[in-house]
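What follows is each chain in one-letter form.
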Amino acid sequence: MSTIACVPNISEGRDKKIIKAIIDTVKKSANIQLLGAESGYDVNRTVITFAGAPEEVKKAAFACIKKSYELIDMSNHHGKHMRMGCVDVCPFIPIAKADIQDCVVIAQELGAQVGGELGIPVYLYGYAASSLARKDLAYIRSGEYEHLAIKLQNTPPDFGTDTYDAVVKKSGAICIGARNCLIAYNVNLDTKDVNIAKEIAAVIRESGKNHSGMGILKAVKAIGWYIEEYGKCQVSMNLEDYKRTPLYVVYETCVAEAKKRGVKVTGSEIIGLVPKDLMLDTAKFYLNKKGKITLGMPMKDVINEAVENLGLNEISPFNMNERILEFKLKSMNS
């Protein structure tokens, strides 16, 4: 059976009752595995991850979006993370016996359903995008919710209304797409000076500029922000191709750039689930630096090398059985 994952990002990270009600729609969906849900207060956002057969995932995604629209009023929403709607993004990702085209079809079908039945403006992005420009989520989301009325006129949605009416004022717009595995990754700095975090982000992201006139890290998007609940700044990133730019390269680059500015990196955090090979590659890099080899080492010990060197336990414990995709799926199917 083919399996795809869906990772809706909900614009609510504070009201536990609302978050629970939305997550419950996924739990109640037939033949769906809820893989995780993480909320952030300052970003006011919850990332939900679930998987299953394509049609079942599409049904669960629609239920999730519908409940979010019922409970979230975007006209009252504030948070540090960019967002356009009550469900900001809803990507589909191929997992097993599925390819990106399977996810494109599901994204297009869900987009039509959300636009038609709920009246919410829908923009397709990633591999499901209707134009090259719309493939880039940042392009679609520019201006965020606050400039949505103008966006609807200048850049009409793929589905749903292009009129900023009472429905849209409450719901905002949603980006539905198809993509490969993306790593949401934050590096923690021992400073409250957000300008330093922004400087580092501007230098390392692919679209940024350093002394050579271009960003250091390919396939990486980055911003800097201050998270009050942590009492420190972060360089917040999306790794769009972790095989092109490995996680350890991202971390070590942040360490180097922070040092140039008299700041230390204290650790990092991964949002959502990650593939096992990413953690193994990271562990091998640090073990090689120590002159050690992985041959004969228990899998748990190998992965712990990555966890410890990246400081992944600083914000909250990194439970590999809950956070590594293959381990999570195995435990749920056993």
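Before any of the text, the structure's been laid out above.
Residues numbered from 1 in each chain as written. Predicted model: local features only at pLDDT ≥ 70, side-chain atom pairs only at ≥ 80, totals over all residues. Heavy atoms only, no water.

K.L.:
Teacher, can you tell me more about the overall build of the chain here?
P.N.:
Counting its regular elements, the chain contains 12 helices and 11 strands. The C-alpha radius of gyration of the chain comes to 20 Å, within 12% of the 20 Å expected for a compact globule of 334 residues. Along the first, second and third principal axes, the C-alpha atoms of the chain reach 60 × 45 × 40 Å. Expressed as a percentage of the 334 residues in the chain, the buried residues total 52%. Seen as two clouds, the 43 positive and the 39 negative side-chain charges of the chain have centres 2 Å apart. (Helix = DSSP H or I, 4+ residues; strand = E, 2+ residues; numbered from the N terminus. Rg over C-alpha atoms; globule rule 2.2 N^0.38 Å. Buried < 20%, exposed > 50% of the residue type's maximum accessible area, 1.4 Å probe, protein only. Lys, Arg positive; Asp, Glu negative; His and termini not counted. Charge placed at Lys NZ, Arg CZ, Asp CG, Glu CD.)

K.L.:
Is there a simple way to explain the nonpolar core in this structure?
P.N.:
Within soluble globular proteins, side chains that are nonpolar generally end up buried alongside one another. Membership of the largest hydrophobic core comes to 51 residues, with the highest contact counts inside it found for Phe-50, Ile-65, Cys-90, Phe-92, Val-114 and Ile-176. Excluding its chain neighbours within four sequence positions, the residues that come into contact with Ile-176 are Ile-65, Cys-90, Phe-92, Ala-107, Leu-110, Gly-111, Val-114, Val-122, Tyr-123, Leu-124 and Tyr-125. Core analysis: the second largest hydrophobic core is formed by 42 residues, Val-220, Val-235, Val-250 and Ile-303 among them. (Core = buried A, V, L, I, M, F, W, Y, C linked by side-chain atoms within 4.5 Å. Contact = heavy atoms within 4.5 Å.)

K.L.:
Please clarify how the pattern of salt bridges should be interpreted in this entry.
P.N.:
Between side chains of opposite charge, pairing is possible as soon as their charged atoms come close. Taken as a whole and assessed by the stated rule, the structure comprises 20 salt bridges. Its salt-bridge partner being Arg-83, residue Glu-144 comes within 3.4 Å of it at the nearest N-O pair. With Glu-144 in the loop between α4 (137-141) and α5 (148-154) and Arg-83 in the loop between α2 (54-71) and β5 (87-96), this residue pair connects regions lying 61 residues apart in the sequence. Overall, the relative accessible area of 3% leaves Arg-83 in the buried class. Put simply, Glu-199, Glu-257, Lys-260 and Arg-261 are held in one network by salt bridges that share partners. (Salt bridge = Lys/Arg side-chain N within 4 Å of Asp/Glu carboxyl O.)

K.L.:
What is the right way to look at helix α3 (residues 100-118) in this model?
P.N.:
An α-helical turn contains 3.6 residues, so a residue and the one three or four places further along point in the same direction. Helix length check: α3 (19 residues) gives 26 Å between terminal C-alpha atoms against 27 Å at 1.5 Å per residue, within 8%. Close packing links the buried residues of α3 with β1 (3-6), α2, β5, β6 (122-126), α6 (166-171) and β7 (174-178). Regarding α3, its N-cap is Asp-99, as a side-chain oxygen of that residue lies 3.1 Å from the backbone nitrogen of Gln-101 further along. Remark: Gly-119 follows α3 within two positions and exhibits a positive phi of approximately 75°. (Expected span 1.5 Å × (residues − 1). Polar contact = N/O pair within 3.5 Å; in protein donor to acceptor, adjacent residues only side chain to side chain.)

K.L.:
Looking at this model, I keep getting lost on the pairing of strand β9 (residues 220-227). Mind explaining?
P.N.:
Remark: a regular strand shows side chains that alternate across the two faces of the sheet. Sheet analysis places β9 next to strand β10 (residues 232-239), joined by eight bridges and oriented antiparallel. By the bridge assignment, Trp-225 is partnered in β10 with Gln-234. (Pairing = 2+ DSSP bridges.)

K.L.:
Quick question: what am I supposed to make of the sheet that holds strand β8 (residues 183-189) here?
P.N.:
Two pairing modes exist for strands in a sheet, parallel and antiparallel, and in both the strands are linked by backbone hydrogen bonds. Overall, antiparallel pairing links the four strands, which are arranged β9-β10-β8-β11 in an open sheet. Pairing within the sheet leaves two strands with one partner each, and these edge strands are β9 and β11 (265-271). On average, each strand axis in the sheet is tilted by 20° relative to the strand beside it, whichever way the strands run. Those strands touched by helix α7 (residues 194-204) are β8, β9 and β10, and its axis lies near 175° from that of β9. Across the sheet, helix α8 (residues 247-260) touches β8, β9, β10 and β11, and the angle it forms with β11 is around 145°. (Axes fitted to C-alpha atoms, helices over the stretch in contact; angles between N-to-C directions.)

K.L.:
Is there a simple way to explain the packing of aromatic side chains in this structure?
P.N.:
Ring pairs (aromatic) are described by centroid distance and by the angle formed between their planes. Tallied over the full model, the rule gives two aromatic pairs. Each ring, one from Tyr-248 and one from Phe-285, has its centre 4.2 Å from the other, and the planes form 5°; the classification is stacked. With Tyr-248 in helix α8 and Phe-285 in helix α9 (residues 276-289), this pair connects stretches of sequence that are 37 residues apart. Residue Phe-285 is classed as partly exposed on the basis of its relative accessible area, which comes to 25%. Arranged with centres 4.9 Å apart and planes meeting at 80°, the rings of Phe-285 and Tyr-286 form a pair that is edge-to-face. (Phe/Tyr/Trp six-rings, centres within 6.5 Å; stacked < 30°, edge-to-face > 60°.)

K.L.:
What is the right way to look at helix α1 (residues 16-27) in this model?
P.N.:
The terminal C-alpha atoms of α1, which comprises 12 residues, lie 16 Å apart, in line with the 16 Å expected from a rise of 1.5 Å per residue. The set of residues buried in α1 consists of Ile-18, Ile-19, Ile-22, Ile-23, Asp-24, Thr-25 and Val-26. Contacts made by the buried residues of α1 are with β2 (9-10), β3 (33-40), β4 (45-52) and α2. Taking the backbone nitrogen of Lys-17 as reference, a side-chain oxygen 3.0 Å away marks Asp-15 as the first, capping residue of α1.

So, to be careful, I would describe these as geometric facts and stop short of saying anything about function.
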